[in-house]
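# Survey of secondary and tertiary structure
Here's the letter readout for the chains.
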Amino acid sequence: VLPPVKLVDMRIEKAEKGHWLVVSSQLKFALKNVLEKKEQAILFLNQRGFSPAWYCRPCGKTISCHTCDVALTYHRWRKKALCHYCLKEEPMPQCCSTCGHKVEMVGVGTERVEDSVQRLFPQARILRMDRDTMLRRESYEKALKDFGDGKYDVLLGTQMVAKGLDFPKVTLVGVLNADTSLHQPDFRSSERCFNLIAQVAGRAGRSSLGGQVIVQTWMPDHPALLAAAKHDYDRFSALELVERSDFGYPPFGEVLRISFESQHQQRAIEMSNEATNALKELIAGGFGQTTEYLGPAPPPIEKLRGKYRRQLLVKTNREQLLKLRPLLYKLAEQQGVTVDPL
């Protein structure tokens, strides 16, 4: 029997003395009960580090990596700012490069969660599992064995604690920010959110002790979260399939992404425009209304590892996709062009 899932609306939770709230009052109460009963808990947050961004309040600027269009993450154990894409380390930023005002850290990573839970429960034995602590394969195996042997009370981690774990004494699973995947500009975002909650929920209540799952969210009315809270795949898939059908996304159509990258921004734009023009000619030559394209446009991360990027999204059907193959093969042979990178 799958454990009950409770959604906690973080919009109505009171801030922690003006600081970013990490653990809601309901999750705090549940953790207290688990620790008193000598049971175990798993806390999941898909964001490592201490704080995922620095923010300038006066001008609204986020401090980004110089080679990637990505916010820098503060890692307290390194005392450095780290880009999670190119792995470049930089000194901690003190002020905004635009207006000179002092910047402040926003958001929560696994390091900050570990710090907050330890302050709330000084006697709790916490094991953090993320890429910063699991540096070798044997580290991962040893950590899970120690948790299974009862040497820790709380297992805190990123994606690696979400699935495949079977610990009978785990009676509580807390998801600290369920909304992360919902903010991704991808038609699969709701599916990924539902999938994640379903996976994490399966870690609790795997014995006669029972269990519960507490999901902290800023979007408690989202259909994917409401369906996941009830373990209702049929309801979720019915709603999702209607939306996919309306917009021609899989499984009702074929979607293909073509990405272009270059060290020179203008070259990336030229390559994407050339591909778009070639696609236009094919569509004008008899493809009709069954094939359409979105873009070219910058992807969510426009600059990555020093290279500028553009993307083109093609929506079509299986029959027309086969007719596109000669063009797609030709594009794929070009340097800096990737056809369907996913």
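Cut-off values and rules
- Residues numbered from 1 in each chain as written.
- Predicted model: local features only at pLDDT ≥ 70, side-chain atom pairs only at ≥ 80, totals over all residues.
- Heavy atoms only, no water.
- Buried < 20%, exposed > 50% of the residue type's maximum accessible area, 1.4 Å probe, protein only.
- Helix = DSSP H or I, 4+ residues; strand = E, 2+ residues; numbered from the N terminus.
- Pairing = 2+ DSSP bridges.
- Core = buried A, V, L, I, M, F, W, Y, C linked by side-chain atoms within 4.5 Å.
- Contact = heavy atoms within 4.5 Å.
- pLDDT = per-residue confidence, 0-100.
- Expected span 1.5 Å × (residues − 1).
- Arc of directions from axis to C-beta.
- Disulfide = S-S within 2.5 Å.

## Describing the pairing of strand β2 (residues 40-44)
Taking burial as the measure, the five residues of β2 include five buried ones, the bulk of the element. Both faces of β2 are covered, namely the face carrying Gln40, Ile42 and Phe44 and the face carrying Ala41 and Leu43. The sheet contact formed by β2 and strand β10 (residues 170-175) spans five bridges and is parallel. By the bridge assignment, Gln40 is partnered in β10 with Val170. Judged from the four bridges that link them, β2 and strand β9 (residues 154-157) form a sheet pairing that is parallel. Bridging across to β9, Ile42 finds its partner in Leu155.

## Focus: the nonpolar core
Formed by 34 residues in total, the largest nonpolar core has its most connected members in Met129 and Leu155. Per-element tally for this core: the top contributor is helix α4 (residues 189-201), with six residues. For Leu155, the residues in contact, after removing those within four places along its chain, are Ala41, Ile42, Leu43, Leu127, Met129, Leu144, Phe147, Val161 and Leu165. Counting 24 residues, the second largest nonpolar core, distinct from the first, contains Met10, Leu43, Phe121 and Val154.

## What to know about the confidence of the model for the protein chain
This prediction gives the protein chain a mean pLDDT of 83; 95% of its residues lie at or above 70. Highest mean pLDDT in the protein chain belongs to helix α6 (residues 233-247) (92); lowest belongs to strand β7 (residues 104-106) (76).

## As for α6
Here α6 contains 15 residues, and its C-alpha end-to-end distance of 21 Å stays within 8% of the 21 Å for a straight helix at 1.5 Å per residue. For α6, every residue scored as buried is listed here: Phe236, Ser237, Glu240 and Arg244. On an axial view of α6, the arc spanned by its buried residues comes to 90°, and they lie on one face. When the buried face of α6 is taken as reference, the exposed residues oriented beyond 90 degrees from it are Asp234, Val242 and Asp246. Of the surrounding secondary structure, the elements contacted by the buried residues of α6 are α4 and α5 (223-229).

## Describing the environment of Ala268
Mapped onto the elements of the fold, Ala268 is located in helix α7 (residues 265-287). Judged by its relative accessible area of 0%, Ala268 is buried. The spacing of Ala268 and Tyr308 is 40 residues in sequence and 6.5 Å in space, taken between C-alpha atoms. Apart from residues no more than four positions distant in its own chain, Ala268 is found in contact with Phe260, Ser262, Tyr308 and Arg310.

## Some points on the sheet that holds strand β5 (residues 80-82)
Taking strand neighbours across the sheet as the criterion, the three strands line up as β4-β5-β6 in an open arrangement whose pairing is antiparallel. Each edge of the open sheet is held by one strand with a lone partner, namely β4 (73-75) and β6 (89-90). Both β5 and β6 contribute to a ladder of two bridges, which runs antiparallel. The residue of β6 that forms the bridge with Leu82 is Glu89.

## Here's the deal with the pairing of strand β8 (residues 126-129)
Two faces make up the sheet, and in a regular strand the side chains alternate between them. Of the two faces of β8, the one holding Ile126 and Arg128 and the one holding Leu127 and Met129 are both buried throughout. Judged from the four bridges that link them, β8 and β9 form a sheet pairing that is parallel. Along β9, the bridge assignment pairs Ile126 with Val154.

## Description of the state of the cysteines
Taken as a whole and assessed by the stated rule, the structure comprises zero disulfides. Here Cys59 is not cross-linked by a disulfide; its sulfur's nearest cysteine counterpart is in Cys56, at 3.5 Å.

## As for unusual backbone geometry
Look at the link from Pro250 to Pro251: it is a cis peptide, with omega at 10°. Considering the arrangement of structural elements, one finds Pro251 in the loop between α6 and β12 (254-262). Going from Gly295 to Pro296, the amide bond is cis rather than trans, its omega being 5°. The residue Pro296 is located in strand β13 (residues 292-297) in this model. The backbone phi angle of Leu87 is positive, close to 65°, even though this residue is not glycine. Of note, Leu87 is situated in the loop between β5 and β6. We classify Leu87 as exposed; its relative accessible area is 52%. Phi at His231 is positive, roughly 55°, even though this residue is not glycine.

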